[in-house]
Amino acid sequence: MSTRQFFVGGNWKLNPTSVGKAKELVEVLNKAELDPNTEVVISPPSLYLIPVRDAVSNKQITISAQNAYYKENGAFTGEISSSQIKEAGIPYVILGHSERRTIFHETNEVVALKTRAALDAGLKVILCIGETLVQREGGETTKVCEGQLSAVVKQTKPEDWSNIVIAYEPVWAIGTGKVATTAQAQETHVDVRAYLSTAVSTTVASETRVIYGGSVNSGNAKDLAGQQDIDGFLVGGASLKPEFVDIINARK
Ligand code: PEP
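Calculation notes
- Residues numbered from 1 in each chain as written.
- Predicted model: local features only at pLDDT ≥ 70, side-chain atom pairs only at ≥ 80, totals over all residues.
- Axes fitted to C-alpha atoms, helices over the stretch in contact; angles between N-to-C directions.
- Helix = DSSP H or I, 4+ residues; strand = E, 2+ residues; numbered from the N terminus.
- Parallel < 35°, antiparallel > 145°, perpendicular 65-115°, else oblique.
- Left-handed = near helix turned anticlockwise from the far one by under 90°.
- Contact = placed C-beta atoms within 7 Å.
- Near = placed C-beta within 6 Å.
- Nonpolar A, V, L, I, M, F, W, Y, C, P; charged D, E, K, R; others polar.
- Buried ≥ 20, exposed ≤ 12 C-beta atoms within 10 Å, placed from the backbone.
- Pairing = 2+ DSSP bridges.
- Expected span 1.5 Å × (residues − 1).
- Arc of directions from axis to C-beta.

Explain the packing of helix α7 (residues 141-155) against helix α8 (residues 182-199) to me, please; I cannot follow it from the model alone.
How two helices pack is summed up by the angle between their axes together with the distance between the axes. Taken N-terminus to C-terminus, the directions of α7 and α8 make an angle of 40°; their axes are 10 Å apart at the nearest point. With respect to α8, the axis of α7 lies oblique. Note on packing geometry: the crossing formed by α7 with α8 is right-handed. Each of Thr141, Thr142, Cys145, Glu146, Leu149, Ser150 and Val153 in α7 lies in contact with α8, whose residues at this interface are Thr188, Asp191, Val192, Tyr195 and Ala199.

If you want it as structure tokens, here you go:
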């Protein structure tokens, strides 16, 4: 097993429907026995970032925003900036989630600009990449992931990568109940590392955490977590359920 710290993120997306319910989710985690070797990050909607930050009593758990614009301030109605997130004491931001890329038309270049701005503001980035079903069936998985990564490589220096966690999330596996096989996930993670090795450095390739996302649950987490190049998970649906604790403890 590698020396990279196991990382489990919970992407709550546009859930739950009240701040009271958000605090109940935090309470489950506060009371749970979590593997002390796992870094745990939960990502509530932006309005709940501060109440959730305040409700977390377990110091092992930190918070992530789900998005941030690349400008610091100005006439950008509806957006929040990385510096505002940082000032609120939130250490992470998820960028490039497939729902942002598809529903909100974020290009590789926009995701890369957001990554640059987040790093400049002192945030750590959970950078999502991944292919659609058509792209996988067309044999384009590696090309698509490399294209998404190369836009970020152009905006970063090798030292930035210690503040980036890559989340490989095949779009066809997100929220669909279709999980990539351990072999499919491991193979793509190896490809991601191979790309980082050529495009950035061998050190960045071996030290950057590459986590998997796409219908992870308590039933499949252990097998996936046993793969050499899978350094954790980004979890959507199951992060809203008590089984999230089992996923955090997948390597226990
Ligand atoms: C996600 O939204 O990042 C995700 C992986 O969702 P799910 O676990 O529900 O597939």
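Can you help me understand the site of the ligand in this one?
In the vicinity of the ligand there are 14 residues, among which Ile174, Gly175, Gly213, Gly236 and Gly237 approach most closely. Of the residues belonging to the shell around the ligand, the class tally is five nonpolar, seven polar and two charged.

So what exactly am I meant to see when it comes to unusual backbone geometry here?
Peptide bonds are, in most cases, trans, and in most cases residues other than glycine have a negative phi. In this model, Asn15 is joined to Pro16 through a cis peptide bond whose omega is -10°. Mapped onto the elements of the fold, Pro16 is located in the loop between β1 (7-11) and α1 (19-31).

For this particular structure, what's the right way to read the pairing of strand β6 (residues 164-168)?
Taken residue by residue, a regular strand's side chains alternate between the two faces of the sheet. When you tally the buried positions in β6, you get five out of five residues, the bulk of the element. Burial along β6 is two-sided: the face carrying Ile164, Ile166 and Tyr168 and the face carrying Val165 and Ala167 are both buried. Where strand β5 (residues 124-129) lies against β6, five bridges are found, and the strand directions are parallel. When the bridges of β6 are listed, Cys128 appears paired with Ala167. Relative to strand β7 (residues 210-213), β6 is paired through three bridges, and the arrangement is parallel. Paired with Ile166 across the bridge in β7 is Val210.

Hey, could you run me through the environment of Glu33 in this one?
Inspection of the secondary structure puts Glu33 in the loop between α1 and β2 (39-43). We classify Glu33 as exposed; it has 9 C-beta atoms within 10 Å. The sequence separation of Glu33 and Ile248 amounts to 215 residues, and the corresponding C-alpha distance is 9.7 Å.

Help me out: how do you make sense of α8 in this one?
Under the 1.5 Å per step criterion, the end-to-end length of α8 is 26 Å for 18 residues, consistent within 8% with the ideal 26 Å. Of all the residues in α8, the buried ones are Ala185, Thr188, His189, Val192 and Leu196. One face of α8 carries all of its buried residues, which in axial projection span an arc of 105°. Exposed and oriented more than 90 degrees from the buried face of α8 are Ala183 and Thr198. If you follow the buried residues of α8, they end up packed against α7, β6, α9 (202-207), β7 and α10 (221-225).

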